[in-house]
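Now for the letters of each chain:
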Amino acid sequence: MSTATATSTATKTQGATMPAEGQPVLLQVKAANLAPNPDNPRKDLGDLTELSASIAAQGVQQPLVVTPADKQGRHTIIMGHRRYAAAIKAGLDTLPCIVRKAGQQEQAELMLVENTQRAGLTPIEEAKGYARLLELGESEDQMAKATGRSRATVRRRLKAASLDPTLLPDRQVSFDQLDRIAGFDGRPDLQKKLMKAAGTNNWAAQLAKCEKSIEDEKWLEEARTVVESLGLDTIDEMDDLYDHPEGYRRVETINTGHDIAAAMSEMDIATRQSLTTADILNNGKYDWNRGVALLHRYTPKELDERKREQEQADKEEALRQAQREQAERDERERNAKLYAFAQMAEKLVLDHIEHITKRATPLKNSAAILAAALMHDWECGADLTSVEPGPAYDDVWGQGSDLFSPDDKHRQQAAIWLLLSAGQLTQKPYDWTDEHVGLRMLRQYYGILAQTGYKPSDDEEAALEGAFLPKDEQEEPDQEQEQD
């Protein structure tokens, strides 16, 4: 609907308040006597800076369209709300206005057409504009003709306008998104989720989830029909599709989207015959927890048998638990003995090394001992720099010389002390439990000690024979020896 041009070119300062019968009148109206139309669909007038500057420089080039003055002498703006706001900002006292007699319906049409032909009207504002025309009694055909939109577009706008206003976001939302949201009519829960995602990068994902929810609900209704046709009882006791309630055994789980009939056909006869019950789950939070759980309800006889089996299983588990606890106690005791033995053996060996180091004369086989100790330390990675003499070695030979500065007479004894001490410090308690490396190196070390005259205790002899090895690594007795 186009705006008629003024036929009266006489410019008047506001005086006449009614135009001639059927004719618009051009007037200069005081800004104080102009009022914005409360039905204007455009609530946000946008940035008025440039328009206000233009009006300040050149005046209002296009008159506003207003209603005739009311009893208080005030005109309601039909078209030109942005020009009015910009003129006020520019400081104008009067504005050119075309006074036009128009009913509420025609006013609503004019405002909607003006705003849709200009950028900036939000989809929500446009939708509300169509809704206002509907309230005023205008049909969809009339709206389409007045605004130049197709009837389908008008219908979509009206559907968008029906959305709960409390759900509408403050940010910009496209018409396509509003249409999609309106399509979930009757599901305010899903509409709320979509409104929250509209205008953000989460929109596509949230839309897919909501569409999947609708599809799943339709599938579940069809699944209920299938379950009833099979003569199965239904329960509502499960929270997890892959669990089973007390007194039931889960036979099959069918997630939404799968063909129930096909799943049933793949079961063998005995399995199908065992089905007694179904639980249909629609967990709205997780897709994987929507579907049908096909169950077998235990008979009293089966329950008794399961009870006996469970009691037997409990006894076996209790026995296994007792064995585990005993094994843990045995292990703790074994470790305590091992560490106590290792401390005792270390003291015996170090006392012996101190004794042979303080000898007045070197050992007769010192060269062979040195060679063997050197090779042993190299093989086990002993760190010679970690060896430090304690108080027992202060002035070890009574001649004022220390272990690191021996005289020629005691040079070999100092070397033997260093090598054997380093070999001892390299040892760890758990070496006595390692058949392949640790115990082999200990046996080699004790062989060198034997060359110095060391005689191991019975406990050391037993440990060298493998007393601390794990039971499964200890050598089994030879069968022929057992027979003898």
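Before reading further, recall that the structure is shown in the block above.
Rules and cut-offs
- Residues numbered from 1 in each chain as written.
- Predicted model: local features only at pLDDT ≥ 70, side-chain atom pairs only at ≥ 80, totals over all residues.
- Heavy atoms only, no water.
- Helix = DSSP H or I, 4+ residues; strand = E, 2+ residues; numbered from the N terminus.
- Contact = heavy atoms within 4.5 Å.
- Areas by Shrake-Rupley, 256 points an atom, 1.4 Å probe, with all protein chains shown as cover.
- Buried < 20%, exposed > 50% of the residue type's maximum accessible area, 1.4 Å probe, protein only.
- Pairing = 2+ DSSP bridges.
- Axes fitted to C-alpha atoms, helices over the stretch in contact; angles between N-to-C directions.
- Core = buried A, V, L, I, M, F, W, Y, C linked by side-chain atoms within 4.5 Å.
- Phe/Tyr/Trp six-rings, centres within 6.5 Å; stacked < 30°, edge-to-face > 60°.
- Lys NZ or Arg CZ within 6 Å of the ring centre and 35° of its normal.

A.B. asks: What exactly am I supposed to notice about the overall build of the protein here?
C.D. replies: For the protein, the helix and strand inventory stands at 17 helices and ten strands. Sequence-distant contacts in the protein: of pairs separated by 6 or more residues, those separated by 24 or more amount to 69%. As displayed, the protein offers around 28,400 Å² of accessible surface, 50% of which is attributable to carbon and sulfur atoms.

A.B. asks: Would you take a moment to explain helix α7 (residues 175-182) for this structure?
C.D. replies: An α-helical segment advances 3.6 residues per turn. Residues three or four places apart therefore align on the same side. The buried fraction of α7 amounts to six of the eight residues, a majority that puts the element mostly inside the structure. Buried within α7 are the following residues: Phe175, Gln177, Leu178, Asp179, Ile181 and Ala182.

A.B. asks: Looking at this structure, how should I read the sheet that holds strand β8 (residues 248-255)?
C.D. replies: Strand pairing in a sheet relies on backbone hydrogen bonds. The paired strands run either parallel or antiparallel. With mixed pairing, four strands are arranged side by side in an open sheet as β7-β9-β10-β8. Both edges of this open sheet fall to β7 (233-235) and β8, since each of them pairs with a single strand only. The average angle at which neighbouring strand axes cross in this sheet is 30°, direction not considered. In the sheet, β8 pairs with strand β10 (residues 290-297) via seven bridges, with the strands oriented antiparallel.

A.B. asks: Help me out: how do you make sense of the nonpolar core in this one?
C.D. replies: The nonpolar side chains of soluble globular proteins are, as a tendency, buried together. Membership of the largest hydrophobic core comes to 34 residues, with the highest contact counts inside it found for Leu420, Trp432 and Tyr446. Contributions of two or more residues to this core are made by α12 (300-357), α13 (366-380), α14 (411-426), α15 (438-451) and α16 (458-464). Once residues within four sequence positions are removed from consideration, Leu420 is found in contact with Ile353, Ile356, Ala373, Tyr445, Ile448, Leu449 and Thr452.

A.B. asks: Help me understand the packing of aromatic side chains, please; the structure alone is not making it clear to me.
C.D. replies: Geometry of an aromatic ring pair is reported as the spacing of the ring centres plus the angle between the planes. This structure, assessed with the given rule, holds seven aromatic pairs. Ring plane angle 55° and centroid distance 5.6 Å describe the contact between Tyr393 and Trp417, whose orientation is recorded as tilted. With Tyr393 in the loop between α13 and α14 and Trp417 in helix α14, this pair connects stretches of sequence that are 24 residues apart. Relative accessible area serves as the criterion here: at 12%, Tyr393 is assigned to the buried category. An aromatic cluster of at least three residues, connected via ring pairs, comprises Phe341, Trp432, Tyr445, Tyr446, Tyr454 and Phe468. The aromatic ring of Tyr393 is capped on one face by Lys358, whose charged end is 5.9 Å from the ring centroid.

What is shown is where atoms sit, not what they do.
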